[in-house]
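# Architecture and fold: a report
The primary structure of each chain is shown beneath.
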Amino acid sequence: MPASSPGVGERLREARMETGLTIADVATRLRMQLRVVEALEAEDWARLGAPVFIRGQLRSYLRLLKLPESLADGVSDASVRPPELTPRTYTPPMQRMLDKAMGRAVYVVITALIAVPVWVATRSHVDNSRPVETASLGLDGSQSPVDTRPARPTPVTASLGALPKRAPAAAPAGDLETQASADLVMRFSGDSWIEVIGPDGVAVEQALVQAGQERRFEAGTVARVKLGNANAVEVSRDGDVQDLSRFQRANVARFTVSSDGALAPAAE
């Protein structure tokens, strides 16, 4: 039990029992997990993560039981050490954009290799289908009648291997600007604990971010976000600053990000 907040868990437990509430009742009313309520009463801060999360959850619990919220201030940053997290290996944003550009260039080259031979064959067939006028001189020097019969089309064989290879074309600058503008950007004016989950359910980042830092995530790489000390975080999408108040509870914001970058409240 941390020495920085003695007795707060016991006071929560006693107040809850006096009101006749069970841990399950508290978890339902506060929309918390049972293990979180149990950890708060046991003052087992190591199970709860960063101090900003703990203080926010404690204040919610104290407010429910009509206890002084100042009891939550006893949990200091020094009393809780967040778990050491190993950054997940990821590809830099510029590398991802170059990979996409290369993919588009390959698509253009393949399309050209298929379309150009077809166009050449069609053009040759049209040219050879025109009537050919042939004049010949007889033995007596007179000119024979003009032959206006259409000439036979010359067979044309399209060969993919005969065409020269084309160098991959870079993606238009406008596409790169559009991709960059669709990023989800977080700017921190105060320390905040963040948890970012990707579409595959794997954590993209879990860390205590210091004030003055910035996080940028490309559209489509983020599915769910949780922010501690949300009042100190500015979130923008497509260049527009988002209102986090509709996602907040006890200064903790939880929201989901759709495939097109739209934000919505997250179910707890």
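Structure: above.
Okay, so let's go over this structure. Since the structure is predicted, the reported quantities are computational estimates derived from the model, not experimental observations.

For the rest of this paragraph, the subject is the pairing of strand 3 (residues 203-209). Note on strand geometry: in a regular strand, side chains alternate between the two faces of the sheet. Pairing between strand 2 (residues 192-197) and strand 3: six bridges, direction antiparallel. Following the sheet pairing, Val-196 is matched in strand 3 by Glu-205. In this structure, the hairpin formed by strand 2 and strand 3 is closed by a connection of five residues, where Gly-201 is found at a positive phi of approximately 85 degrees.

Moving on to empty space enclosed by the protein. What the rule picks out here adds up to one cavity of 30 Å³ or more. Partitioning the lining of the largest cavity into residue classes produces six nonpolar, three polar and two charged.

Take the sheet that holds strand 4 (residues 214-217) next. The antiparallel open sheet is built from four strands, whose spatial order is 4-1-6-7. One side of each edge strand has no neighbouring strand; the edge strands of this open sheet are strand 4 and strand 7 (240-241). Of the strand pairs in this sheet, strand 6 (residues 233-237) and strand 7 are connected by two bridges, and their pairing is antiparallel. Of the residues in strand 7, the one forming a bridge with Arg-237 is Asp-240.

This next bit is on the packing of helix 3 (residues 34-42) against helix 4 (residues 51-64). At a closest axis distance of 11 Å, the pairing of helix 3 and helix 4 adopts a crossing angle of 85 degrees. Classified by the interaxial angle, the pair formed by helix 3 and helix 4 is roughly perpendicular. Here helix 3 contributes Val-36, Val-37, Leu-40 and Glu-41 to the contact with helix 4, which in turn contributes Gln-57, Leu-58 and Tyr-61. For the contact of helix 3 with helix 4, the class distribution of residues is five nonpolar, one polar and one charged.

What follows covers the environment of Asn-251. By secondary structure assignment, the location of Asn-251 is in the loop between strand 8 (248-249) and strand 9 (252-257). Sequence-wise, Asn-251 and Ala-230 are 21 residues apart; in three dimensions their C-alpha atoms are separated by 5.4 Å. Apart from the residues within four sequence positions on either side, Asn-251 is in contact with Leu-227, Gly-228, Asn-229, Ala-230 and Asn-231. Within the local environment of Asn-251, its side chain forms a polar contact with the backbone nitrogen of Asn-231, the two atoms lying 3.0 Å apart.

The rules behind these values
Residues numbered from 1 in each chain as written. Predicted model: local features only at pLDDT ≥ 70, side-chain atom pairs only at ≥ 80, totals over all residues. Heavy atoms only, no water. Pairing = 2+ DSSP bridges. Helix = DSSP H or I, 4+ residues; strand = E, 2+ residues; numbered from the N terminus. 1 Å grid on protein atoms, 1.4 Å probe; cavity = no way out; pocket = protein on both sides within 12 Å on 5 of 7 lines; lining within 4 Å. Points joined across faces, edges and corners; volume = space filled by probe spheres on them. Nonpolar A, V, L, I, M, F, W, Y, C, P; charged D, E, K, R; others polar. Axes fitted to C-alpha atoms, helices over the stretch in contact; angles between N-to-C directions. Parallel < 35°, antiparallel > 145°, perpendicular 65-115°, else oblique. Contact = heavy atoms within 4.5 Å. Polar contact = N/O pair within 3.5 Å; in protein donor to acceptor, adjacent residues only side chain to side chain.

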